[in-house]
Amino acid sequence: MGSSRSPDAVRSRTPLPLWLLAGVGAVFIALPLVGLLIRAPWTELGAALSGVGAASAFRLSIVVSLVATVLSMLLGVPLAWILARAPIPGRSVVRAIVVLPVVLPPVVGGIGLLAALGRGGVMGRWLYEGLGIQLTFTIWGAIAATTFVSMPLVVLATESGLRSIDQRYERAAAALGASPRYAIRRVVLPMLGPQLAAGAVLAWARALGEFGATITFAGNLEGRTQTLPLAVYEARLTDPGGAIFLSLILVVLSVGVLVAMRDRITQAR
Amino acid sequence: MGLHADFVARRDRFEVAVTLDVADGETLALLGPNGAGKSTVVDALTGTLELAEGTIELDGERIDLLPPEQRPVGICFQDDLLFPRLSTLENVAFPLRARRTEKSTARARAAELLERLAPDVDSSAMPGSLSGGERQRVALARALAAEPRLLLLDEPFSNVDVSARPGLRALVREVALGFGGATVLIAHDPLDALTLAHYVTLLEEGRQTQTGTPEQIRAAPRSSYAADLVGVNLFTGVLEPLEDGAATLRTADGQITVAPEATVAHGSQAIASLKPIDVSLHMTEPEGSARNVLRGTIAEVAVDGDRARVRVDTRPPLTAEVTAGSVARMGLRAGDEVWASFKAVEVSLQIEGNDDEAPPAGTLGR
């Protein structure tokens, strides 16, 4: 129906209150962005950026978010597979635990990570004393904290994608001579393409904005664990102008992610 | 050699028990209503469902303990199940590549099969852009790609447009006749089973109720299901259009008048079916609208409950189903002379095209 009507005809049928509320919603979202652009001390751009360690925060954010995305895919896709396909006991409990970081306040996640993987933590002690590996206050700590909050998004997107694929295709592949591994590679993964892309982009977007778990677990050390959001947080009192520029860098990156997501999804179709 | 299967398979609480024997070069049709257990049998043969009891032997070797991918089985699925993200060519090459055939060899063989079975299909096209008939042709090529020793055809016509069926049917017949191994055709349309298979086995509620040649089953259906679905009158012959849009179907042993839905070319090959219940019997020449009125001698009267099947040696021979009451009232007995009548529109027609290739008489007359 929509395609046969002109946009004007559709607009005339949309109730006025809907227009008003939608307008308020859009302005509410757009206003902070406009505020950032207006309040930015553009004349002091160079000095402000070097003063807040923008270059190292930017580099660290990119590295941490990308590595966390790769790890999320590497572990999250198999996890989604098991949840969707394998006969495991207590599936709903396992799923609830795996997806928990989506609803949990990230600070709580950071505290949990400290308790488990911190130098004195349940497993962290063993890692540190046995192998000399320390996660806290290192880039690996930032990556671990970011992966913790990003991976569930990959699991959710992949699992819902797998559930929408008719399992008869897998049985058909087997009946036609494909080992389970071959069927996954040639038949199921290609069919899952759009959901995998969506999962990766969502995970990356989430990783880029990660703050609470990182600052709690990995600390806020410039050049080692201080990603863009942490740098913004630190600069907001001492150097408001620098904080605004750092924020704008994040805005530009995020818009880039959203545009990339659109392209990935349209390409996949 | 060929297929020898004797097994019980269970899905949920539903149990299917069958014994299937198919020699190399022969086709067995597994015919049954929806929910009879046909797909359970298919899954047991492919190995995607484990047997509860029994064995499956192919050419004297047990295959029921092998995982699906190691069984020399080719299958053409009901909903074709072409892999949506692989091209037509890669779909056909799939069974070969899955068995580690070299890529170029697999593609060459796939291209060759497509050329033979689906010459009009662009091999680089994605399955989503093909018609139902084209998809099923590609699925057939895929089933044959790895040179299986058992070919399973799972209701290959069910999702195909009516207009594309005659060509596909002819192709399936050609493929099944030319295939060196055993073929199992799963069907719920009796006409497919009766015209394409050497033997038919009827499956009802997970049990085989009758097995035999199409001729045997049509002559003496043992259950009411068999009588309803399989006990149809079948005629093959050549069509000659009449001026009023009807046509005469000339068979080897007589002729009948039929009513094609569209105009037919003179000399078209056709298979026609007529349900026994649509044939009326009369002691005197009937007056009425029925265009087919044939005279003959009753060969057999078989009473089954309150119904009776009467075989009449008309030209061509007919089977009529009447109530047991009318058999008694009319005093029908073997040897009596009767008139049989039916309307031209009651005859359903499958026009097979107008090529010189005669329908394999053996397939029907067996």
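Above this text you will find the structure in question.
Here the residue index of a chain counts from 1 through its sequence in written order. Chain labels run from A onward and ligand labels from 1 onward, assigned in the order the entries are written. Local features in a predicted model are, by the rule used here, given only for residues with pLDDT of at least 70; side-chain atom pairs are given and counted only at 80 or more, and totals for whole chains, interfaces and linings are based on all residues. Processing note: side-chain calculations cover all non-hydrogen atoms of the structure and skip hydrogens and water entirely.

Visitor: Kindly report on the pairing of strand β1 (residues 2–11) of chain B, identifying the contributing residues and their values.
Guide: Residues and elements named next belong to chain B. Any two strands with at least two DSSP bridges between them are considered paired. To qualify as a helix, a DSSP run of H or I must reach at least 4 residues; to qualify as a strand, a run of E must reach at least 2; elements of each kind are numbered from the N terminus. In this structure, β1 lies alongside strand β2 (residues 14–23), joined through 10 bridges in antiparallel fashion. Directly across from A9, in β2, lies its bridge partner V16. The antiparallel pairing of β1 with β2 creates a hairpin that spans two residues between the two strands, and D12 there sits at a positive phi of about 55 degrees. Two elements, β1 and strand β4 (residues 53–58), share six bridges in a ladder whose sense is antiparallel. Residue H4 lies in a different strand from β4, and its bridge partner there is E57.

Visitor: Break down the environment of B:R291 for me, citing the residues and quoting the values.
Guide: Residues and elements named next belong to chain B. Its place among the elements puts R291 in the loop between β15 (280–282) and β16 (292–304). Each C-alpha atom, one on R291 and one on A344, is 6.0 Å from the other, the two residues being 53 residues apart in sequence. The contact rule is simple, with two residues in contact once any of their heavy atoms fall within 4.5 Å. Setting aside residues no more than four positions away along its own chain, R291 makes contact with L242, D244, A246, T257, F342, K343 and A344. In this structure the side chain of R291 is engaged in a polar contact, spanning 2.7 Å, whose partner is the side chain of D244. In the analysis that follows, any N or O atom pair within 3.5 Å is treated as a polar contact, provided that within protein one partner can donate a hydrogen and the other can accept it, and provided that, for residues neighboring in sequence, both atoms belong to side chains.

Visitor: Before we move on, could you go through the layout of surface pockets and cite the residues and values that matter?
Guide: Residues and elements named next belong to chain B. Here a cavity is any set of points on a 1 Å grid over the protein atoms alone where a 1.4 Å probe fits but cannot get out, and a pocket is any open set with protein on both sides within 12 Å along at least 5 of 7 lines; a residue lines the site when it has an atom within 4 Å of a point. Grid points are joined across faces, edges and corners, and a volume is the space filled by probe spheres set on the points. Approximately 820 Å³ is the volume found for the largest pocket. In terms of lining, the largest pocket is formed by 28 residues, of which the most central are V162, E261, S348, L349 and Q350. Secondary-structure elements contributing two or more residues to the lining of the largest pocket are α5 (165–178), α6 (190–196), α8 (224–229), β14 (269–274) and β20 (348–351). Among the elements that line the lining of the largest pocket, the one with the most residues is β20, at four residues.

Visitor: Break down the interface of chain B and chain A for me, with residues and values.
Guide: Counting from both sides, the interface comprises 22 residues of chain B and, opposite them, 18 residues of chain A. For the chain B and chain A pair, buried surface summed over both sides reaches about 1,900 Å², with 66% attributable to carbon and sulfur atoms. Between Lys or Arg on one side and Asp or Glu on the other, a salt bridge is scored when a side-chain nitrogen of the former is within 4 Å of a carboxyl oxygen of the latter. If you look at where chain B meets chain A, you find two salt bridges. A:R186 is the salt-bridge partner of B:E90, the closest N and O atoms lying 3.0 Å from each other. Where chain B meets chain A, there are four residue pairs in polar contact (both at pLDDT 80 or more). Looking at the side of chain B that touches chain A, the elements with two or more residues in it are α1 (38–46), β6 (73–76) and α2 (88–98) of chain B. Broken down by element, the residue count for the side of chain B that touches chain A peaks at five residues, all from α2(B). Along the lines of polarity and charge, the residues of the side of chain B that touches chain A split into 12 nonpolar, two polar and eight charged. Buried area: the accessible area, evaluated with a 1.4 Å probe, that two parts lose upon being put together, summed over both parts. Polarity classes work like this: nonpolar for Ala, Val, Leu, Ile, Met, Phe, Trp, Tyr, Cys and Pro, charged for Asp, Glu, Lys and Arg, and polar for all others, with Gly in that last group.

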